[in-house]
Amino acid sequence: MRYIFTIAINDIRVYIQDTGNLFNLFVVPVILALVLGFAFGGGSQLQYIRVDVVDLDNTAASTQLLTELRQVNPSLVLCPFDTVEDFSCNLNADDPTLTVSDALTRVEDDQTAAAIVIPAGYEQSLLNIEPIQIEYYSQEISQTDVVLQALQTAIQPVNGEVIATWVSIGVAQALNAIQDESILTSTAYDIARSKWAVDNIQVVYQTASGTSGITGNGFNQSVPGMATMYVLITAFGGMIVLLQERKQWTFQRLVVLPVSRAHLLGGKILARFLLGLITFTVLIIVGVFTGVSFGNDPLAIALIILSYTLCVTALSFAFAPLLRSEEQASSVTLLLSLSLAALGGAWWPLEIVPDFMRVISNISPVAWAMNGFSEVLFYNGGVVDVMLYVATMLIASLVFFIIGIMTFKYE
Amino acid sequence: MENIVEARGLVKIYKRRDGTTVEAVKGVNLDIRKGEIFSLLGPNGAGKTTTISMISGLIPPTSGDAKIGGYSIINSPIQAKKLLGVIPQEIALYPKLTARQNLEFFGRMYGLGGSVLRKQVDEVLEFIDLKDRQNDRVETFSGGMKRRVNIGVGLLHKPQLVYMDEPTVGIDPQSRRRILDTVFRLRDEYNMSVLYTTHLMEEAQELSDRVAIIDHGTIIAQGTQGELTQQVGEEDRLLFHVGEAVVDEALLKRIEQNVEGVTSATYTVLNLKELTASDAPQTDLIDKLSTGTVAAIRAGHTTEGLVTVVARRGRKALPHIINLMDSNGVQIQSVEVREPDLEAVFLKLTGRALRD
Ligand SMILES: Nc1ncnc2c1ncn2[C@@H]1O[C@H](COP(=O)(O)OP(=O)(O)OP(=O)(O)O)[C@@H](O)[C@H]1O
Ligand SMILES: [Mg+2]
């Protein structure tokens, strides 16, 4: 074990002696994360998202919907109802009420991220099981709109309840009419299906004029994006280093040391893994300064970072035996890391790419990590929500390591 | 005396990328005794590096085994490698790290730590005479200094056996002298055995207690220098440099017939222009040529006459031959006496000169 650390520490020392590497570690990813973050509408005060709500119904049911909304995304501040320290709704202190037209103006003026209008008679319609339309306004409708996503998530249980009601009514009617149990079941099923197909509550999107794009903090995208890409570049750089070490014969010197091959390989792997974690650390610090909301579950983030770094390190060792020259390794590194990063949503959110691209993105470990990050950063997910991604990355690590270790060339 | 290295039936067959194979080493047996300097002498591509790479555990033999201090490099590689200090042909150092950082890292990898490590690194720095440059990056060093650090790394853990693979290639004569002296010090002061590979006959001759000559992957002779030269008889070669003078057949005949012990006398004219036209670096050229020829080149001559006499007791025949040549008006510029050497052994066993 001691030898593994000695090798890893020495490799890191060699790495940081190279100014080019330091530049790649501390300067380039930071600049890229900042530029992309601002491009995506970054801003450090955007830890909270201001949402105007005009509740024309004002009943227990409408209040319930707002409660659900707050639970789905705690960073939403529903104006004028919510009061949060250090974050104001920016309403007229004398008359803190909002009309639909007030709210619309505020959306257009970028004073609020979105406006939600709950129609009068919301509760009544719900009880009568009549269709309801909730109006939603923002400058631009997009899948990445976190407010819209939260709203849709919040109305789902309400829709579910409505369907359940329908089903029980249908069953009750059927009970009176028929005795055959199988007809009863199919009736219940038919009703549920037909009602499920048409959601009772619908959100009607409205775009308001204005300039800003995606709501939320752009750094939530760019910081993990550039981190995952640069960890990939750092890990793949290890392939070049291995070839260099063979050329300068230090690798051969390591092989003739009285140290087992497992220690030698372990040291080389650990070095890359630690460099990957250092890269993440650098970008997390950038994230802290740019006000990235890291969600509520640091453990979930740690799991994603560890399993992703392990996964791409393993990937680089699986690839290494295929490469013969440094030049070849450099171009493969560049090609692979840039394409896997772009494909996996390191540059732009996967939510904005066409469906077929989203399917293809699943071959990139970057996508597994980015999906995990967006669960935590955008939707306040926890360990359970990222488990699938973490497990995928761990299994992939295992497979890549088996390939890498079996094909590793000591000669 | 006990053997520190015993290699038996070492074979290495390399597979080339195009599918063909090269049998670089074809069944090598070597015995190296404790505390001796053992040279592996052979021309370029003879299989020297391949042989010691197998002995040191860098590459696995296709067949055969080698034992270091009784430990098989195949079955107990870690124990075997502990006894071995490695000084590769290449400068195997991290260029971005300082001399001291390089030494410390490899020292740790040899299991040293704490004050022992510090002491050993200091001692090695003293030994290779680089104490004052220890905190400079290796990439800023001259070729000779890099070589010395390269040697130092192999000595850190006080190994019983040190192998040095052509450590004098491509460096200036002064640094080379220093390295050869180092080899003696390792044997005499530190009681180490040294396995030294070279393609230079002079180095093998100066250094070795025992020599193995390798050619085309086969050991063609092994033993002390005396044992080897006996194989080629006891005849000396006398080289007379005669400059531009012309020597006729009659004089050669007279030398052969009238001087006791002489078996043959030949006259050749060396074309110096051709010799110096080769791209070989100056140090290599000096190795190849006799001192008389070098002097002629330096003097700017384009051709040089050379009379080679093979004689049983060369030194005794020398005055007679000089007299004969003198009385025939041939001016001798310099004379060299070559006793039977490894070059001659190689020539006899392979029919080729070691230089080719
Ligand atoms: N990795 C390899 N693959 C294929 N052939 C090789 C390989 N390494 C060496 N050879 C071949 O094996 C033979 C012996 O090479 P080796 O390096 O052992 O010679 P050497 O005596 O050390 O020569 P030199 O004095 O030039 O260092 C040569 O013909 C060489 O081309
Ligand atoms: Mg060699």
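Owing to the predicted nature of the structure, the values given are computational and were not obtained by experimental measurement.

(A) Seen up close, the sheet that holds strand β13 (residues 303–311) of chain B. Residues and elements named next belong to chain B. Spatial strand order, β12-β13-β11-β14: 4 strands in an open sheet with antiparallel pairing. Every other strand in the sheet has two partners, leaving β12 (262–271) and β14 (334–338) as the edge strands with one partner each. When strand polarity is set aside, the average angle formed by the axes of neighbouring strands in this sheet is 20 degrees. In this sheet, β14 lies alongside strand β11 (residues 236–243) in antiparallel orientation, the contact comprising 5 bridges. What sits directly across from leucine 239, in β14, is glutamate 336. Each of β12 and β13 touches helix α9 (residues 249–258); the most contacted strand, β12, lies at about 150 degrees to it. Relative to β11, helix α13 (residues 314–327) is tilted by about 25 degrees, and along the sheet it contacts β11, β12, β13 and β14.

(B) Examining the coordination of the magnesium ion (ligand 2) more closely. Residues and elements named next belong to chain B. Coordination of the magnesium ion (ligand 2) by the protein comes from Thr49 (OG1) and Gln89 (OE1), over a distance range of 1.8 to 2.4 Å. Pair noted here: threonine 49 is in helix α1 (residues 48–55) and glutamine 89 is in the loop between β6 (84–87) and α3 (99–109), with a separation of 40 residues, a long-range link. Judged by its relative accessible area of 24%, threonine 49 is partly exposed.

(C) Quick look at the domain arrangement of chain A. Residues and elements named next belong to chain A. Here the domain parsing of chain A yields domain 1 (2–42 + 216–407) and domain 2 (49–207). Contact residues are listed per partner, giving 7 residues for domain 1 and 8 residues for domain 2. Here domain 1 packs against domain 2, burying approximately 570 Å² in sum over the two surfaces, 60% of which is carbon and sulfur. On inspection of domain 1 and its partner domain 2, the count reaches 0 salt bridges.

(D) View of the site of ligand 1. Residue and element names in this part refer to chain B. Taken together, 13 residues form the shell around ligand 1, and within it Gly45, Lys48, Thr49, Thr50 and Glu166 come nearest. Measuring from an oxygen atom of ligand 1, one finds a backbone N or O atom of lysine 48 at 2.8 Å. Contact distances for ligand 1 include 2.6 Å between an oxygen atom and a side-chain N or O atom of threonine 49. If ligand 1 stood free it would expose 630 Å²; the protein chains cover 63% of that surface.

Cut-offs and rules
- Residues numbered from 1 in each chain as written.
- Chains lettered and ligands numbered in written order.
- Predicted model: local features only at pLDDT ≥ 70, side-chain atom pairs only at ≥ 80, totals over all residues.
- Heavy atoms only, no water.
- Pairing = 2+ DSSP bridges.
- Helix = DSSP H or I, 4+ residues; strand = E, 2+ residues; numbered from the N terminus.
- Axes fitted to C-alpha atoms, helices over the stretch in contact; angles between N-to-C directions.
- Contact = heavy atoms within 4.5 Å.
- Donors = N, O, S within 2.8 Å, 3.2 Å for Na, K, Ca; no water.
- Buried < 20%, exposed > 50% of the residue type's maximum accessible area, 1.4 Å probe, protein only.
- Domains from an automatic or database assignment.
- Buried area = accessible area lost by both parts, 1.4 Å probe.
- Salt bridge = Lys/Arg side-chain N within 4 Å of Asp/Glu carboxyl O.
- Near = heavy atom within 4 Å.
- Polar contact = N/O pair within 3.5 Å; in protein donor to acceptor, adjacent residues only side chain to side chain.
- Areas by Shrake-Rupley, 256 points an atom, 1.4 Å probe, with all protein chains shown as cover.

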